[in-house]
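This is what each chain is made of:
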Amino acid sequence: MAWLAKTAPDVVCLQELKAEQRAFPADAIRALGYEAVWQGERSWNGVAILARGCEPVLTSSSLPGNPEDRQARYIEAAVNES
């Protein structure tokens, strides 16, 4: 959170969250002016995309070429309709 507040990037991609879906700190991130999409998973995986001042729109949550892989290690999102 300190890094996010200090650097204020427009978009942030995170991996290896190591947190279940409900444990993601969405409220704390929102308080810093970001919206997020994420796919959490206990253990080694978990990914998120944060966007400052707009809500990212999830466009994909499975690895290209391997739709059966349900591990939380890949997401895509549109930010500012891009």
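Look a little higher up for the structure.
For the structure given in this document, a descriptive report is provided here. (Residues numbered from 1 in each chain as written. Predicted model: local features only at pLDDT ≥ 70, side-chain atom pairs only at ≥ 80, totals over all residues. Heavy atoms only, no water.)

Another point: the packing of aromatic side chains. With the rule as written, the count across this model stands at one aromatic pair. Pairing phenylalanine 24 with tryptophan 38 gives two aromatic rings, centres 4.3 Å apart and planes at 20 degrees, and the pair type is stacked. Here phenylalanine 24, found in the loop between strand 1 (11-15) and helix 2 (26-31), pairs with tryptophan 38, found in strand 2 (residues 34-39); they are 14 residues apart in sequence, far enough to count as distant. Relative accessible area serves as the criterion here: at 11%, phenylalanine 24 is assigned to the buried category. Judged by relative accessible area, which is 23%, tryptophan 38 ranks as partly exposed. (Phe/Tyr/Trp six-rings, centres within 6.5 Å; stacked < 30°, edge-to-face > 60°. Helix = DSSP H or I, 4+ residues; strand = E, 2+ residues; numbered from the N terminus. Buried < 20%, exposed > 50% of the residue type's maximum accessible area, 1.4 Å probe, protein only.)

Before going further, it helps to spend a moment on the side chain of glutamate 41. Along the chain, the position of glutamate 41 falls in the loop between strand 2 and strand 3 (47-52). Buried charge without a salt bridge: glutamate 41, with arginine 73 as the nearest opposite-charge side chain at an N-O distance of 7.1 Å. Here asparagine 45 takes part through its side chain, which lies 3.4 Å from a polar atom of the side chain of glutamate 41. When sequence neighbours within four positions are dropped, the list of residues in contact with glutamate 41 reads Lys18, Ala19, Glu20, Gln21, Gly46, Arg70, Gln71 and Ala72. (Lys, Arg positive; Asp, Glu negative; His and termini not counted. Salt bridge = Lys/Arg side-chain N within 4 Å of Asp/Glu carboxyl O. Polar contact = N/O pair within 3.5 Å; in protein donor to acceptor, adjacent residues only side chain to side chain. Contact = heavy atoms within 4.5 Å.)

It is worth spelling out the side chain of serine 60 at this point. Examined against the element boundaries, serine 60 turns out to sit in strand 4 (residues 57-60). Engagement of the side chain of serine 60 in a polar contact is seen with the backbone oxygen of serine 62, the distance being 3.4 Å. Each residue touching serine 60, except ones within four places of it in the same chain, is listed here: Tyr74, Ile75 and Glu76.

Let's shift gears to the pattern of salt bridges. Enumeration according to the criterion identifies five salt bridges in this entry. Ionic pairing is found between arginine 52 and aspartate 10, a salt bridge with its closest N-O pair at 2.4 Å. On the criterion of sequence distance, the pair formed by arginine 52 in strand 3 and aspartate 10 in the loop between helix 1 (2-7) and strand 1 is long-range, its members being 42 residues apart. The exposure class of arginine 52 is partly exposed, given its relative accessible area of 39%. Put simply, arginine 22 and glutamate 20 hold a salt bridge, and the shortest N to O gap is 3.9 Å. Residue class for arginine 22 comes out exposed when judged on its relative accessible area of 73%.

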